[in-house]
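Close look at the chain arrangement
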Amino acid sequence: MIEVNNLVKRYGDHKAVDHLSFSIEKGKIYGFLGPNGAGKSTTMNMITGYIASTEGSVVIDGHDILEEPEEAKKCIGYLPEQPPLYFDMTVLEYLRFVADLKKIPRAKKMSMIEEVMDMVKITDMKHRLIKNLSKGYRQRVGIAQAVLGYPEVIILDEPTVGLDPKQINEIRELIKGLKKKHTVILSSHILSEVSAVCDYVLIISHGKLVASDTPENLAKLAAGSNNLNMLIKGNRSEIQNALAEVEGIKQIKLEKSSEENIWNASLTLDENKDIREAVFYSMVKADCPILEMKTKRASLEEVFLELTENEKQDQAKDEKTDKKSEAAISDADMDTDTETDIAAEKDTESVADVDIETSAGSVNGPAEKEENPDDSRL
Ligand SMILES: Nc1ncnc2c1ncn2[C@@H]1O[C@H](COP(=O)(O)OP(=O)(O)OP(=O)(O)O)[C@@H](O)[C@H]1O
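Residues numbered from 1 in each chain as written. Predicted model: local features only at pLDDT ≥ 70, side-chain atom pairs only at ≥ 80, totals over all residues.

The protein appears in an unreviewed UniProt entry as ABC transporter ATP-binding protein from Blautia ammoniilytica. Taken from UniProt, the Sequence similarities (unreviewed entry) comment for the protein reads in full: "Belongs to the ABC transporter superfamily." (UniProt positions renumbered as here; feature names shortened; annotations may be inferred.)

Structure below.
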């Protein structure tokens, strides 16, 4: 339905979107997830033809958004981060205006508006001025204008931002309902939102796609997503030998507990392996009783933090290596081999030291938003 190929957007020296490629299939809800400044809105604006890309292409139902904008845009309904509402119009006046912009035939216009108002549950408010609506209702009107004309794809940029929990739930239910007739792409930095609503998640960090999969598979992806933690009584080497006999363990970590002869064992397991019974029997054979056993799966939040943090570390590493190389080149007397080794060692340490608990919100892009030269489209 939508093919995004090597999409790039540069603002001066800053690459807001960096060679992004993905496909969107019909009839699913896609979540575009990333921390603030990751490039979500920029990507959506390029998909919808709101701004032009620096490189790459977006093809919607066979139509290139830059070469055949009218045809391509007909397939899309868009709710930008700031809903394009006219506050001095009533809901009905506004939707009539949007229907005219979308060239919906006169004969169908009123019945379609009634249907869409019914779908997003704003019929009771149709004669109210938009400025007098609550934020949740304004968002519904925004969704109504996107749905009007029943385009194949509905794109919603951060549709629940600023809403209260009740409104968030209502809008999420509404989005789930859209799936019956439309393909939906929604952007969000809220993990619970994408896992609750989406069939498929694209995770973006610093303008790059770092992962794309179902929420369930992404949760499995995390390093250590499949962990078995135990408290075992016995001799360290006997426990180690017994665990070595069990198949499906990637890594064993044994740490002394506060009690004599009792060990905290943390096992990282192969994907989708349940080794609890095998571990139990192996420990019985070794005469090392298991006092506690717990399995642990990573949440989508942990996957997200890991992926976006890794990306951040890789970038920091690249920058560091670049600086090292520049320094090495500028100093002709320096022994470059030794320098590179030291840099590599330091990098390994810094990667190990990174705290995965860092807030997703802190992974910000560097530049402030400037006025958008292409804002005139709406
Ligand atoms: N018109 C612009 N001029 C200059 N820089 C811009 C412009 N628009 C966006 N940027 C920068 O590009 C990067 C990506 O911004 P974008 O708004 O796409 O991120 P986002 O993932 O949608 O973030 P948020 O969730 O905060 O809306 C940011 O660093 C932002 O400051």
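**Examining the sheet that holds strand β4 (residues 55–60)**
Here four strands make up an open sheet; going across it, the order is β2-β1-β4-β5 and the pairing antiparallel. Unpaired on one side and paired on the other, β2 (14–24) and β5 (63–64) mark the two borders of the sheet. Pairing of β4 with β5 involves two bridges; the strand directions are antiparallel. Within β5, the position partnered with I60 by the bridge is H63. Sheet strands touched by helix α1 (residues 40–47): β1 (2–11), β2 and β4. Its angle to β1, the strand with the most contacts, is close to 120 degrees. (Pairing = 2+ DSSP bridges. Helix = DSSP H or I, 4+ residues; strand = E, 2+ residues; numbered from the N terminus. Contact = placed C-beta atoms within 7 Å. Axes fitted to C-alpha atoms, helices over the stretch in contact; angles between N-to-C directions.)

**Quick word on the pairing of β2**
Note that β1 and β2 share seven bridges and pair antiparallel. Looking at the pairing, K9 lines up with V17 of β2. Counting the residues in the hairpin turn of β1 and β2 gives two residues, including G12, whose phi is positive at 60 degrees.

**Quick word on the sheet that holds strand β13 (residues 262–269)**
The strand order β12-β13-β11-β14 describes an open sheet built from four strands, whose pairing is antiparallel. Looking at the sheet topology across the chains shown, the edges are occupied by β12 (249–256) and β14 (290–296). On average, each strand axis in the sheet is tilted by 15 degrees relative to the strand beside it, whichever way the strands run. Note: β12 against β13, seven bridges, orientation antiparallel.

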